[in-house]
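A look at the structure
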Amino acid sequence: MRGAFREAEIHLSQAIAALSTTPETPERMNREFNLQSALYQVLAIMGGPFTGESERASRRMRELGEMTGNPEQLILVLSAAWDSTSGQGEWTAKQQIAEQMLEIAQRGGSRKGLTLAHFFQGIFFAMRGELTQAMQHYAAAITSYNEADWSGSIQGDPHVVALSQIGMVLWHFGSADQGRAKIRESISLSERLKSPTHMAISLMLASSFYMDLREPGNVDEVAERLCTLASEQQLAQFGTIGSVYRGWAMAEQGRTDEGLALIRAGLVSSVTFFRSLAIPALIEALARAGQLEEALATIEQDFFAVGEMQIRLPYVLWWRGELHLRRGDETKAAGDFRETIAVARRIGSKAYELRATTSLARLLDRQGKRDDARTMLAEIYNWFTEGFDTADLKDAKALLEQLSG
């Protein structure tokens, strides 16, 4: 709980070794399960869920959970399985795990299990781009949440993370101000819980949120807090991703070479999950530096990695269109912008519908189609009722005024 994870790993491993010398009784199996669960959390935080040590702890948890048949333990086993699920069709497998967890929780009356099950369902539907269902599950996770159930957890607190995720969904829905409020609420809750890991996760998700909103000042402020916390609490991977976000903010604020160097260094030392968070920062910094060919090659790789994660598709399509446009290929750019609009409408992302429509309207104006550009942009801009200080709405307003002049 103090964040001294290397020391925690040593003591937990010694405790498990000492326990192995005692008779194999049901009490011993329960005690070992609790120790293995704590060890798994520590290992997953330090190196990610895909290391050999993490996987060994996860396997032993599964063996013990199956022997005891304890519903609470089976739910924790499934939670570890969710973390370590990777490869082709991973989100389908994750959904099956979440459904199994929900069934066990409902049958056994586990409130903690219900919270986890709804939380994982929320993540699944959000990644699939089914945002309304994601919101419903996040709300259900918060409803079933009881703080006392999570007092010993060192991984992400589901209430903290659900608030951040709701903020992200609200931004997609066109409610940036409400989204910001949820991000602030998530950070405040993590501060009150006084867990270094909860705090680090809330700051990491806030950095990602503000990057989506194209607010480098807010990203720099939050990411600097994340880097400081990570340094003080031995949270190396969080420090790495914090540096990546700071690099993005530097690049956006004119310190392009310095920012790009920070991002590249972070990508080299990041584990798989954190690399996926860092790739957008790399793409945008490369574009800012004028390294369009590398930026386009990176976005093409990212495009093929989208798979079931449809929530990422509008971002990838829009940025590919922007890169084609900067390289002078207006036909490909227009195609990507139109496809972004179609995907955004399908998943309900007003944020990306506005962003892509602004880009397409600017291109149409350049091609002499000012009336078409003004009509399409006015329609989506007039839909919004909040968030008028965001970069996207400011850009749209300025372009509308230009098109009406």
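These remarks concern the structure in this document. Everything numeric here is computed off the predicted structure, so don't read it as measured data.

On to the overall build of the protein, then. The helix and strand tally for the protein stands at 20 helices and zero strands. By the compact-globule yardstick of 22 Å for 405 residues, the protein fits well, its C-alpha radius of gyration being 23 Å. By principal-axis analysis of the C-alpha atoms, the protein measures approximately 85 × 45 × 40 Å. Taken across its 405 residues, the protein has 55% of its residues classed as buried. Of all intrachain contacts in the protein linking residues separated by at least 6 positions in sequence, the fraction that spans at least 24 positions is 59%. By element, 50% of the accessible surface of the protein is carried by carbon and sulfur atoms, the whole surface being about 17600 Å².

A few words on unusual backbone geometry. Trans peptide bonds make up the majority, and among non-glycine residues the majority have a negative phi. If you check the backbone angles, Arg214 has positive phi at about 60° while not being a glycine. Structurally, the position occupied by Arg214 is in the loop between helix H10 (196–212) and helix H11 (216–233). A positive phi angle, near 65°, is found at Gln234, a position not held by glycine. Residue placement: Gln234 occurs in the loop between H11 and helix H12 (236–252).

With respect to the helices and strands, Ser79 occurs in helix H4 (residues 71–84). Not counting residues up to four positions away in its chain, the partners in contact with Ser79 are Met101, Leu116 and Phe120.

The next point concerns the packing of helix H17 (residues 330–347) against helix H18 (residues 350–366). Where H17 meets H18, the axes come as close as 8 Å, and the angle between the chain directions of the two elements is 150°. Classified by the interaxial angle, the pair formed by H17 and H18 is roughly antiparallel. Crossing of H17 over H18 shows left-handed handedness. Contact with H17, carried on its side by Glu330, Ala333, Ala334, Phe337, Arg338, Thr340, Ile341, Ala344 and Arg345, involves Tyr352, Glu353, Ala356, Thr357, Ser359, Leu360, Leu363, Leu364 and Arg366 of H18 and no other residues of that element.

What follows concerns helix H3 (residues 52–68). Under the 1.5 Å per step criterion, the end-to-end length of H3 is 24 Å for 17 residues, consistent within 8% with the ideal 24 Å. Positive backbone phi, at 70°, marks Gly69, one or two positions downstream of H3.

Quick look at the environment of Thr21 now. Topologically, Thr21 is positioned in the loop between helix H1 (5–19) and helix H2 (26–47). On the accessibility criterion, Thr21 (65% relative accessible area) is exposed. Put simply, Thr21 and Gly52 are 31 residues apart on the chain and 24 Å apart in space, counted from C-alpha to C-alpha. Among the polar contacts made by the side chain of Thr21, one reaches the main-chain carbonyl oxygen of Ala18 at a distance of 2.6 Å.

Another point: H12. Between its first and last C-alpha, H12 extends 25 Å over 17 residues, near the 24 Å set by a 1.5 Å rise per residue. Within two residues after H12, Gly254 carries a phi angle of roughly 105°, on the positive side.

This part is about the pattern of salt bridges. Taken as a whole and assessed by the stated rule, the structure comprises 28 salt bridges. The salt bridge involving Glu103 is made with Arg107; its shortest N-O contact spans 3.4 Å. Taken as a pair, Glu103 and Arg107 lie in helix H5 (residues 90–108) at a separation of four residues, close to a single helical turn. A relative accessible area of 61% means that Arg107 is categorised as exposed. If you follow the salt bridges from partner to partner, you end up with Asp177, Arg180, Glu215 and Asp389 in one network.

A separate point is the environment of Ser190. Residue position: Ser190 is located in helix H9 (residues 176–193). For Ser190, a relative accessible area of 1% gives the class buried. The spatial distance from the C-alpha of Ser190 to the C-alpha of Leu262 is 27 Å, given a sequence separation of 72 residues. Each residue touching Ser190, except ones within four places of it in the same chain, is listed here: Val160, Ser195, His198, Met199 and Ser202. A polar contact of 2.7 Å, which involves the side chain of Ser190, links it to the backbone oxygen of Ile187.

Relative orientation of the contacting elements H10 and H12 amounts to 25°, with a least axis distance of 11 Å. In terms of orientation, H10 lies roughly parallel with respect to H12. In the packing of H10 onto H12, the handedness of the crossing is left-handed. Here H10 contributes Thr197, Ala200, Ile201, Met204, Ser207, Ser208 and Met211 to the contact with H12, which in turn contributes Phe238, Ile241, Tyr245 and Trp248.

All right, on to the nonpolar core then. By size, the foremost hydrophobic cluster in this structure holds 133 residues, and its most contacted members are Phe238 and Leu377. Of all the elements, H10 adds the most residues to this core, at 10 residues. Not counting residues within four places of it along the chain, the set of residues in contact with Phe238 comprises Ile45, Thr197, Ala200, Ile201, Met204, Leu226, Ala230 and Phe274.

A word on the side chain of Glu32. The residue Glu32 is located in helix H2 in this model. Overall, Glu32 belongs to the buried group, its relative accessible area being 7%. Engagement of the side chain of Glu32 in a polar contact is seen with the side chain of Arg60, the distance being 2.8 Å.

In this section: the environment of Leu12. Its place among the elements puts Leu12 in helix H1. In the structure, Leu12 is positioned 82 residues away from Lys94 in sequence and 28 Å away in space, judged by C-alpha atoms. Apart from the residues lying within four places of it in its own chain, the contact partners of Leu12 are Leu35, Ala38, Leu39 and Val42.

About the thresholds
Residues numbered from 1 in each chain as written. Predicted model: local features only at pLDDT ≥ 70, side-chain atom pairs only at ≥ 80, totals over all residues. Heavy atoms only, no water. Helix = DSSP H or I, 4+ residues; strand = E, 2+ residues; numbered from the N terminus. Rg over C-alpha atoms; globule rule 2.2 N^0.38 Å. Buried < 20%, exposed > 50% of the residue type's maximum accessible area, 1.4 Å probe, protein only. Contact = heavy atoms within 4.5 Å. Areas by Shrake-Rupley, 256 points an atom, 1.4 Å probe, with all protein chains shown as cover. Axes fitted to C-alpha atoms, helices over the stretch in contact; angles between N-to-C directions. Parallel < 35°, antiparallel > 145°, perpendicular 65-115°, else oblique. Left-handed = near helix turned anticlockwise from the far one by under 90°. Expected span 1.5 Å × (residues − 1). Polar contact = N/O pair within 3.5 Å; in protein donor to acceptor, adjacent residues only side chain to side chain. Salt bridge = Lys/Arg side-chain N within 4 Å of Asp/Glu carboxyl O. Core = buried A, V, L, I, M, F, W, Y, C linked by side-chain atoms within 4.5 Å.

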